[in-house]
Amino acid sequence: MASLCARMVASNARRHIFSSSIRCSSKVTLGDPVEHATGLEKREILAKLAGNDNPFDMRVIKRGVGSKAQPTPIPSAFDSRLVGCVCEEEATTINWMWLHKGEPRRCECGHWFNLVHKAPV
């Protein structure tokens, strides 16, 4: 319908005749975003609809006790994850380190972190 309307307007423009009797009505509505999404985007939308506002665990995790006996758990669906530790509250740098599954790791500031398995989205 829109292409027919555009052709009619274009043909009238070539003849230098402008008519207002052509009515282009294009009330197009799209379906639900869940119906159009696929793959990872669809799984993210479904997770958010289920109440999980942080499906990829991208938000800041507050450090826990951080001792060797009780390391701060870091969730991951993979065998390793890059973690940044802000050692001091007013620090302007981040200490980055790789955590591997089954190997707790100590940051330069003394806090311990451990990778725990989380089901993928």
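Residues numbered from 1 in each chain as written. Predicted model: local features only at pLDDT ≥ 70, side-chain atom pairs only at ≥ 80, totals over all residues. Heavy atoms only, no water.

Description of the environment of N52
So, step 1. Within the fold, N52 resides in the loop between helix 3 (39–49) and strand 1 (72–76).
So, step 2. Among the residues examined, N52 registers a relative accessible area of 32% and is labelled partly exposed.
So, step 3. At 3.1 Å, the side chain of N52 forms a polar contact with the backbone nitrogen of N54. (Helix = DSSP H or I, 4+ residues; strand = E, 2+ residues; numbered from the N terminus. Buried < 20%, exposed > 50% of the residue type's maximum accessible area, 1.4 Å probe, protein only. Polar contact = N/O pair within 3.5 Å; in protein donor to acceptor, adjacent residues only side chain to side chain.)

Comments concerning the sheet that holds strand 5 (residues 112–117)
So, step 1. Spatially, 1-5-4 is the arrangement adopted by the 3 strands of the open sheet, whose pairing is mixed. This sheet does not close on itself; its edge strands, each paired only once, are strand 1 and strand 4 (105–106). (Pairing = 2+ DSSP bridges.)

So, the UniProt feature "binding site: Zn(2+)" (unreviewed entry) in the chain
So, step 1. The residues that UniProt annotates with the feature "binding site: Zn(2+)" (unreviewed entry) are C85, C87, C107 and C109. Maximum C-alpha separation among the annotated residues is 8.7 Å over a sequence range of 25 residues, consistent with a single clustered spot. Of the annotated set named above, C85 line the largest pocket.
So, step 2. Here C85 is to be found in strand 2 (residues 80–85).
So, step 3. Here C85 falls in the buried class, since its relative accessible area comes to 3%. (UniProt positions renumbered as here; feature names shortened; annotations may be inferred. 1 Å grid on protein atoms, 1.4 Å probe; cavity = no way out; pocket = protein on both sides within 12 Å on 5 of 7 lines; lining within 4 Å.)

Regarding the state of the cysteines
So, step 1. Going through the model one piece at a time under the given rule, you end up with 0 disulfides.
So, step 2. The cysteine C107 is free of any disulfide, with C87 supplying the nearest cysteine sulfur at 3.5 Å. (Disulfide = S-S within 2.5 Å.)

A closer look at the pairing of strand 5
So, step 1. Bridge count for strand 1 against strand 5 is 5 bridges, and the pairing is parallel. Counted as the bridge partner of S76 is H117 from strand 5.
So, step 2. Pairing between strand 4 and strand 5: 2 bridges, direction antiparallel. By the bridge assignment, R105 is partnered in strand 5 with F113.
So, step 3. In this structure, the hairpin formed by strand 4 and strand 5 is closed by a connection of 5 residues, where G110 is found at a positive phi of approximately 110 degrees.

Topic: the pattern of salt bridges
So, step 1. This model, assessed by the stated rule, comprises 2 salt bridges.
So, step 2. E44 is the salt-bridge partner of K48, the closest N and O atoms lying 3.4 Å from each other. Pair noted here: K48 and E44 are both in helix 3, with a separation of 4 residues, about one helical turn.
So, step 3. Between K118 and D57 there is a salt bridge; the shortest N-O distance is 3.6 Å. Of the two residues, K118 sits in the segment after strand 5 while D57 sits in the loop between helix 3 and strand 1, which places them 61 residues apart along the sequence. (Salt bridge = Lys/Arg side-chain N within 4 Å of Asp/Glu carboxyl O.)

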